[in-house]
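Survey of secondary and tertiary structure
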Amino acid sequence: MSFIPDITAVGSMALDTVTTRFGTHKDCLGGSAVYFSMSASFQAKVGLIGVVGDDFPKEHTELLKAHGIDLEGLEVVPGAKTFRWSGSYLNDVNAADTHCTMLNVFATFEPKIPENYRKAKTLFLANILPSLQMKVMEEMGSSCYKVCDTMNFYINSARDELEKVFEKADVIFMNDGEARMFTDCPNLITAGKKIMERFSPEYLLLKKGEHGALVFGRNGFIKAVPAFPTEKVVDPTGAGDSFAGGVLGFIARNGRLNNDNVTEAVRYGTAMGSFLVTAFSIDAFRDLTLAKIEERVEALRFLSK
Ligand code: AMP
């Protein structure tokens, strides 16, 4: 029987060079789709759509497979180079300074959706060119639950296309800096309300790094969820995508978000982000188990009792 994912995800697959106060890691496994899929894999079956060059180490694809992530949607372009990103967090652990973005295989990528991925109940559009997010969203059809993320790079370079994605999304993820930049509004509550008014998604999840997350729903619904107190933040790269992986993993097990379950869903996202940042790349996910995740979610429940 063919594999039918709970979540079809499209996004970047990358080789990242990251500098933090804990050192520099060169060409390590990264990319929005990688962080998202690894994080979601603890709770859900993920089908990944992405592209790499033939320089992408086999051990990385093996690791993804070992986590049950389906790679039928992964294209390997012979003779081409994988997307590369480099950045540092020396001044502010919550915001990356991008040094270099090399699109490489991304520049000409035409995502192809395997037939069985179209049956997934949830679609996650991780960071990738908004035109590609749109293409995948249109091809998946209207019945799936459409969730998207974005970043400053696309707010600056592809705003019109990004707005079209937001118009069709059921749930939008953004971080605080991006929401302020997108709305040109310094107050985060006002920024969140503006995004809700303009695009009317079911939920807007605003991530605030070490300060937790804000949930905006329709009819003025707002909730705040604290972050897990984490002292040793080694590498925050991918925390946003890992947060999304936790939330969508929860959705795969419990159904779509509503005002009663959204706080719990955000706790799963928060737990995944809090594990991820304790090591470089996806290393903190290597030995993680669902039992340890549940334990952290319980600690988060206790924290806001
Ligand atoms: P996050 O820290 O959650 O925003 O995600 C970090 C990941 O995003 C890194 O692994 C990068 O490879 C990836 N990334 C950086 N810039 C881009 C971009 N322009 N498009 C897609 N992914 C990117």
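Placed above this text is the structure.
Summarised in this report is the structure supplied together with it. (Residues numbered from 1 in each chain as written. Predicted model: local features only at pLDDT ≥ 70, side-chain atom pairs only at ≥ 80, totals over all residues. Heavy atoms only, no water.)

Here we take up the packing of helix H8 (residues 239–254) against helix H9 (residues 262–276). The packing of two helices is summarised by the inter-axis angle and the distance between the axes. It is the contact of H8 with H9, at a shortest axis distance of 7 Å, that shows an interaxial angle of 140°. Accordingly, the angle class assigned to the pair H8 and H9 is oblique. Crossing hand, H8 versus H9: right-handed. Residues Ala239, Ser242, Phe243, Gly246, Val247, Phe250 and Arg253 of H8 form the contact with H9, whose own contacting residues are Glu264, Ala265, Val266, Tyr268, Gly269, Thr270, Met272, Gly273 and Leu276. Taken together, the residues that form the contact of H8 with H9 break down as nine nonpolar, five polar and two charged. (Axes fitted to C-alpha atoms, helices over the stretch in contact; angles between N-to-C directions. Helix = DSSP H or I, 4+ residues; strand = E, 2+ residues; numbered from the N terminus. Parallel < 35°, antiparallel > 145°, perpendicular 65-115°, else oblique. Left-handed = near helix turned anticlockwise from the far one by under 90°. Contact = heavy atoms within 4.5 Å. Nonpolar A, V, L, I, M, F, W, Y, C, P; charged D, E, K, R; others polar.)

Our next topic: the sheet that holds strand S2 (residues 14–20). Taken in spatial order, the four strands of this open sheet run S3-S2-S6-S7, and their pairing is mixed. Strands with a single pairing partner mark the edges of an open sheet, and in this sheet they are strand S3 (23–30) and strand S7 (97–102). Pairs of neighbouring strands in the sheet enclose a mean axial angle of 15°, with direction left out of account. The sheet contact formed by strand S6 (residues 83–88) and S7 spans five bridges and is antiparallel. From the neighbouring strand, Gly87 faces S7, where its bridge partner is Thr98. (Pairing = 2+ DSSP bridges.)

A separate point is the pairing of strand S9 (residues 145–148). Of the two faces of S9, the one lined by Tyr145 and Val147 and the one lined by Lys146 and Cys148 are each fully buried. Relative to S9, strand S8 (residues 122–125) runs parallel, the two being bridged by four bridges. Its bridge partner being in S9, Thr122 is matched across the sheet by Tyr145. Taken together, S8, helix H3 (residues 130–140) and S9 constitute a β-α-β crossover, and its handedness is right-handed. Note that S9 and strand S10 (residues 171–175) share two bridges and pair parallel. Across the sheet, Val147 pairs through a bridge with Val171, a residue of S10. (Buried < 20%, exposed > 50% of the residue type's maximum accessible area, 1.4 Å probe, protein only. Right-handed = clockwise from strand over helix to strand, strands pointing away.)

In the vicinity of the ligand, 17 residues are found, and the nearest of them are Ser12, Asp16, Gly31, Tyr154 and Gly238. In this structure, Asp16 approaches the ligand through a side-chain N or O atom, which is 2.4 Å from an oxygen atom. Gly240 places a main-chain nitrogen or oxygen 3.2 Å from an oxygen atom of the ligand. Look at the ligand: alone it shows 510 Å² of surface, and the protein chains cover 91% of it. Every element with two or more residues in the shell around the ligand is listed here: S2, S6, helix H4 (152–157) and H8. Ranked by residues supplied to the shell around the ligand, first place goes to H8 with three residues. Taken together, the residues of the shell around the ligand break down into eight nonpolar, seven polar and two charged. (Near = heavy atom within 4 Å. Polar contact = N/O pair within 3.5 Å; in protein donor to acceptor, adjacent residues only side chain to side chain. Areas by Shrake-Rupley, 256 points an atom, 1.4 Å probe, with all protein chains shown as cover.)

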